[in-house]
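Coordinates in review
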Amino acid sequence: MVGLVPFVGVACLKILLPEERPVLGLKQLSLKCLPQIKRSLVEGDRYSVDRYVQTPAKKSNRCHRTQHQQPAPRSLSRSSHRRTHVLSSAPTCIRFFGQPKIHKPDVPLRPIVASRGSPTYNTARYLTKILQPLVGNTQHHITNSSQFVNIIKDIYFSQSDILVSFDVVSLFTNIPNIEAYDILVTCISSSSFRWRDQFYEQTSGAAMGSPLSPVLADLFMEEFELDTIENADLRPNLWLRYVDDTFVVWPHGKTALRQFLQHLNSQHPLIKFTMEQEENKTISFLDVQVTRREDGTLAHTVHRKPTHTDRYLHSSSFHHPRFKSAVQNTLVRSAFNTCDQDTLKQELHHIKTSLQLNGYKSFNFSQPKPSLSPEDRPEFKATVTIPYIGHATHQLQRIFSQVQVKTFHTAPNKIQASLQTHKDKQDTQGKPGVDRIPCECGKVYIGETGRNIYQNQD
């Protein structure tokens with residue numbers, strides 16, 4: 001019997017019976033704001049969904065797999081290299097887990113459907129690159145807090161204006177059904193996952209954890225806000241949005257503001273907003289704390305949630321020095337990008353105090369240099385990731401740099417690895433890795449495989 005499973009206020013899951021566990025099914029969806037998908041997917045050498053077929057789930061630890069029929073009339077590219085990056089060579093079952101929101105009352109969980117490694121993950125990443133240029137073509141869209149600060153720093157506000165923040169409730173899982181083309185529908189509808197050895201399917205919206213979800217959420221919200229603001233009797237002076245959070249300047253009084261909230265919540269049965277008004281002339285948006293001045297301008301500084309602890313990577317930890325310098329550089333860069341001249345000094349003092357608590361003794365609070373553009377960055381022939389083991393790592397880095405190989409470093413041992421994970425355990429043999437296969441002659445073959453260990457040993 002199929003039943004709904006409530007989780008963090010989300011009632012869009014159903015239990016899959018064994019015979020219902022094929023994943024790559026197609027659904028009819030609808031979204032007006034994707035008129036360019038067909039041209040993007042059809043023109044040129046694009047991938048055809050006909051290469052996917054439905055396969056019933058087998059009675060084993062392995063979840064759904066994709067199989068190939070006869071060659072599709074169109075392929076993603078004539079080169080097998082491109083297909084390798086779109087098709088998963090070792091698909092794994094999607095896992096479900098919750099991230100606690102410790103800054104909110106009762107610590108609710110944010111549902112995450114971890115689609116990395118799933119049969120459609122690489123395809124979804126490729127489609128995201130195609131659809132991304134369609135995002136941000138409205139005056140209400142912002143990409144980060146720096147852009148937000150650049151917009152509000154030169155604007156003057158009336159004393160009667162109200163600073164408001166609207167937040168969409170569970171946007172990703174409430175995105176309306178989407179009308180698109182087979183390959184896009186396949187990526188969206190492949191939302192079956194495993195949680196505590198039980199299989200579920202998300203029956204509405206987009207999965208929080210899919211590469212496509214943020215793009216689809218932005219595209220829907222752009223269409224939604226244009227229609228909603230256009231049809232409103234009274235409109236805000238300023239409406240800026242980052243995904244599901246908005247910063248609004250409302251000039252028509254509190255009574256009309258409540259009516260505008262009702263107008264927002266009446267536009268679609270699935271899309272509901274909550275509202276937060278300024279307190280003591282202050283409101284936060286993203287990581288920016290905005291305060292109203294008497295002269296009509298806005299002061300802005302870095303916003304920290306009440307649960308923030310100022311805990312960063314300790315200076316005595318066994319990490320590459322580059323990681324430790326990045327801690328300070330990131331905090332200083334954020335201060336210069338977010339704070340105005342009146343609050344910058346106070347923020348830098350807070351950063352210094354925090355770094356001292358984390359064992360740092362030397363500081364550089366000069367204004368960071370602008371990031372290099374992709375054209376100005378040095379070119380490398382390849383990249384390599386190696387564990388950080390001290391002095392020997394620096395020697396290897398110098399050797400690699402001489403042959404134009406960029407080096408990344410990882411910490412060999414982390415405390416996190418010793419702690420209990422909140423995710424379901426995954427069979428290590430079902431993941432790509434290094435395989436050791438003994439031979440009858442007494443020798444041993446050791447090699448790295450992109451497929452899972454089960455497949456490589458078959």
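A quick note: this is a predicted structure, and the numbers were derived from the prediction, not measured.

Empty space within the largest pocket amounts to approximately 1400 Å³. Surrounding the largest pocket, 40 residues form its lining, H103, K104, D167, D245 and K305 being those nearest its centre. Breaking the lining of the largest pocket down by element, the ones donating at least two residues are β3 (109-114), β4 (162-168), β9 (273-277) and β10 (282-285). Partitioned by chemical class, the residues of the lining of the largest pocket number 18 nonpolar, 11 polar and 11 charged.

For the structure shown, the criterion picks out 16 aromatic pairs. Here W195 and Y200 contribute two aromatic rings whose centre-to-centre distance is 6.3 Å and whose plane-to-plane angle is 55°, an arrangement assigned as tilted. Accessibility classification places W195 together with Y200 in one group, the buried group. When the ring of F363 is compared with that of F365, the centres are 5.9 Å apart and the planes differ by 35°; the resulting orientation is tilted.

Right, let's get into the confidence of the model for the protein. Looking at the protein, pLDDT values average 77 and 75% of them are 70 or higher. For the stretch residues 1-13, pLDDT sits under 50, and the model shows 34 contacts to residues farther than four places along the chain or on other chains. Per-residue pLDDT stays below 50 along residues 15-82; that stretch engages in 142 contacts with residues further than four places along the chain or on separate chains.

Let us look at the nonpolar core. Membership of the largest hydrophobic core comes to 25 residues, with the highest contact counts inside it found for F166, L171 and F273. Mapped onto this core, the elements with two or more residues apiece are β4, α6 (212-231), β8 (245-250) and α7 (254-265). For L171, the contacting residues outside a window of four places in its chain are A217, M221, V243, D244 and I271.

Okay, the sheet that holds β9 next. The strands making up a sheet associate through backbone hydrogen bonding, with each pair oriented either parallel or antiparallel. In spatial order, the strands read β7-β8-β4-β9; together these four strands make up an open sheet with antiparallel pairing. Sheet topology places β7 (238-242) and β9 at the edges, where each strand pairs with a single neighbour. On average, each strand axis in the sheet is inclined to that of its neighbour by 20°, with strand direction left out of account. Sheet topology places β7 next to β8; five bridges connect them, and they run antiparallel. Bridge pairing links R241 to T246 in β8. Contacting β4, β7 and β9, α6 crosses the sheet at an angle of about 165° to β7.

Within the structure shown, the criterion is met by three cavities of 30 Å³ or more. Its volume calculated, the largest cavity comes out at about 140 Å³. Considering the residues around the largest cavity, the lining is formed by 18 residues, among which C187, I188, S190, A207 and S210 are closest to the centre. Of all the secondary-structure elements, those providing two or more residues to the lining of the largest cavity are α3 (121-131), α5 (182-189) and α6. In terms of residue count, the dominant contributor to the lining of the largest cavity is α6 (three residues). By residue class, the composition of the lining of the largest cavity is 11 nonpolar, seven polar and no charged.

Basis of the calculations
- Residues numbered from 1 in each chain as written.
- Predicted model: local features only at pLDDT ≥ 70, side-chain atom pairs only at ≥ 80, totals over all residues.
- Heavy atoms only, no water.
- 1 Å grid on protein atoms, 1.4 Å probe; cavity = no way out; pocket = protein on both sides within 12 Å on 5 of 7 lines; lining within 4 Å.
- Points joined across faces, edges and corners; volume = space filled by probe spheres on them.
- Helix = DSSP H or I, 4+ residues; strand = E, 2+ residues; numbered from the N terminus.
- Nonpolar A, V, L, I, M, F, W, Y, C, P; charged D, E, K, R; others polar.
- Phe/Tyr/Trp six-rings, centres within 6.5 Å; stacked < 30°, edge-to-face > 60°.
- Buried < 20%, exposed > 50% of the residue type's maximum accessible area, 1.4 Å probe, protein only.
- pLDDT = per-residue confidence, 0-100.
- Contact = heavy atoms within 4.5 Å.
- Core = buried A, V, L, I, M, F, W, Y, C linked by side-chain atoms within 4.5 Å.
- Pairing = 2+ DSSP bridges.
- Axes fitted to C-alpha atoms, helices over the stretch in contact; angles between N-to-C directions.

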